[in-house]
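Listed below are the residues making up each chain.
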Amino acid sequence: FEVPSDVFTIFGFARSWAVDPVALEQRYDSLSRAFREKSAARGADREKLDAAIRAVDAARRMLLDPLERAQYLLKAYGGSEREKPLRKREFQSEVMEFNQSLAKAREAGDAARVASAVLEAEEKLASAIVAAGQSFTRMERSLVEELGAAADALAEARFWRHKVDELRAGLG
């Protein structure tokens, strides 16, 4: 009943922004069936099984929620969350204008403008999540490319080390 601590590993995925929800659900169903088959466990085994089930459920929810997944990836890649973006003035101005417009709509009892503000906020949320996803995707591509370059360089270094050892052995 040991469950890996990495939410991607639980489902056999590589750590990545891109998560196939269909594959995730298939793997979740498979794990759920395996847990149901072990549902007769008693005592300490039952506690471990229940903890494993909770961990798998939490991992599934995290991977399906793009904001939660982004927060997890940020920490996993060594980043840390910020209370506000570094582009403070621009962001603060945007928030101030939004809040002023919303306050006016509420004061006027204008339900349509309040509903419009909700839609605008939802669009801003979606846009920010897309931007985070694009950043993770670019970083992952760059990481893959850099790992490939490092692997190529390492292969060359191994070849040349072998060649140097071979030549030195012939010298003396």
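Structure first, text after, so check above.
No experiment lies behind these values; they were computed from the predicted model shown. (Residues numbered from 1 in each chain as written. Predicted model: local features only at pLDDT ≥ 70, side-chain atom pairs only at ≥ 80, totals over all residues. Heavy atoms only, no water.)

### Observations concerning the overall build of the protein
Argument step 1. Scanning the protein from terminus to terminus reveals 6 helices and 0 strands.
Argument step 2. The linear arrangement of helices and strands in the protein, starting from the amino end, is α-α-α-α-α-α.
Argument step 3. Against the compact-globule benchmark of 16 Å for 172 residues, the protein has a radius of gyration of 25 Å, which places it well outside the compact range.
Argument step 4. In terms of principal-axis extent, the alpha carbons of the protein reach across some 95 × 55 × 25 Å. (Helix = DSSP H or I, 4+ residues; strand = E, 2+ residues; numbered from the N terminus. Rg over C-alpha atoms; globule rule 2.2 N^0.38 Å.)

### Some details on the nonpolar core
Argument step 1. By size, the foremost hydrophobic cluster in this structure holds 21 residues, and its most contacted members are Phe8, Phe11, Phe13 and Leu63.
Argument step 2. Among the secondary structure elements, those contributing two or more residues to this core are helix 1 (7–10), helix 2 (21–37), helix 3 (43–64), helix 4 (66–76) and helix 6 (111–171).
Argument step 3. The greatest single-element share of this core, amounting to 5 residues, is contributed by helix 3.
Argument step 4. With residues up to four places along the chain from it excluded, the contact list for Phe8 reads Phe13, Ala14, Arg15, Ser16, Val19, Leu63, Arg69, Tyr72 and Leu73. (Core = buried A, V, L, I, M, F, W, Y, C linked by side-chain atoms within 4.5 Å. Buried < 20%, exposed > 50% of the residue type's maximum accessible area, 1.4 Å probe, protein only. Contact = heavy atoms within 4.5 Å.)

### Description of the environment of Val118
Argument step 1. Looking at the secondary structure, you find Val118 in helix 6.
Argument step 2. Residue Val118 is classed as partly exposed on the basis of its relative accessible area of 45%.
Argument step 3. Separated by 37 residues in the primary sequence, Val118 and Glu81 have C-alpha atoms spaced 25 Å apart.

### Quick notes on the packing of helix 2 against helix 3
Argument step 1. At a closest axis distance of 11 Å, the pairing of helix 2 and helix 3 adopts a crossing angle of 170°. When the interaxial angle is binned, helix 2 and helix 3 end up roughly antiparallel. Between helix 2 and helix 3, the contacting residues are Pro21, Leu24, Glu25, Tyr28, Leu31 and Phe35 on the first element and Leu49, Ala52, Ile53, Val56, Asp57, Arg60, Leu63 and Leu64 on the second.
Argument step 2. Broken down by class, the residue content of the contact of helix 2 with helix 3 amounts to 11 nonpolar, no polar and 3 charged. (Axes fitted to C-alpha atoms, helices over the stretch in contact; angles between N-to-C directions. Parallel < 35°, antiparallel > 145°, perpendicular 65-115°, else oblique. Nonpolar A, V, L, I, M, F, W, Y, C, P; charged D, E, K, R; others polar.)

### Describing helix 4
Residues three or four positions apart in an α-helix share a direction because the helix packs 3.6 residues into each turn.
Argument step 1. Within the span of helix 4, buried status applies to Arg69, Ala70, Tyr72 and Leu73. Buried residues of helix 4 fall within an arc of 165° about the axis and therefore sit on the same side.
Argument step 2. Lining the buried residues of helix 4 we find helix 1, helix 3 and helix 6.
Argument step 3. By the N-cap criterion, in which a side-chain oxygen at the helix start approaches the backbone nitrogen of a residue two or three places on, helix 4 is capped by Asp65, the distance to Leu67 being 2.9 Å.
Argument step 4. Residue Gly78 follows helix 4 closely and has a positive phi angle near 90°. (Arc of directions from axis to C-beta. Polar contact = N/O pair within 3.5 Å; in protein donor to acceptor, adjacent residues only side chain to side chain.)

### Overview of the layout of surface pockets
Argument step 1. Volume-wise, the largest pocket comes out at about 1200 Å³.
Argument step 2. Considering the residues around the largest pocket, the lining is formed by 31 residues, among which Leu67, Pro85, Ala128, Ile129 and Ala132 are closest to the centre.
Argument step 3. Counting residues per element, the ones that place at least two in the lining of the largest pocket are helix 4, helix 5 (88–107) and helix 6.
Argument step 4. Top contributing element to the lining of the largest pocket by residue count: helix 6, with 11 residues.
Argument step 5. Taken together, the residues of the lining of the largest pocket sort by class into 18 nonpolar, 6 polar and 7 charged. (1 Å grid on protein atoms, 1.4 Å probe; cavity = no way out; pocket = protein on both sides within 12 Å on 5 of 7 lines; lining within 4 Å. Points joined across faces, edges and corners; volume = space filled by probe spheres on them.)

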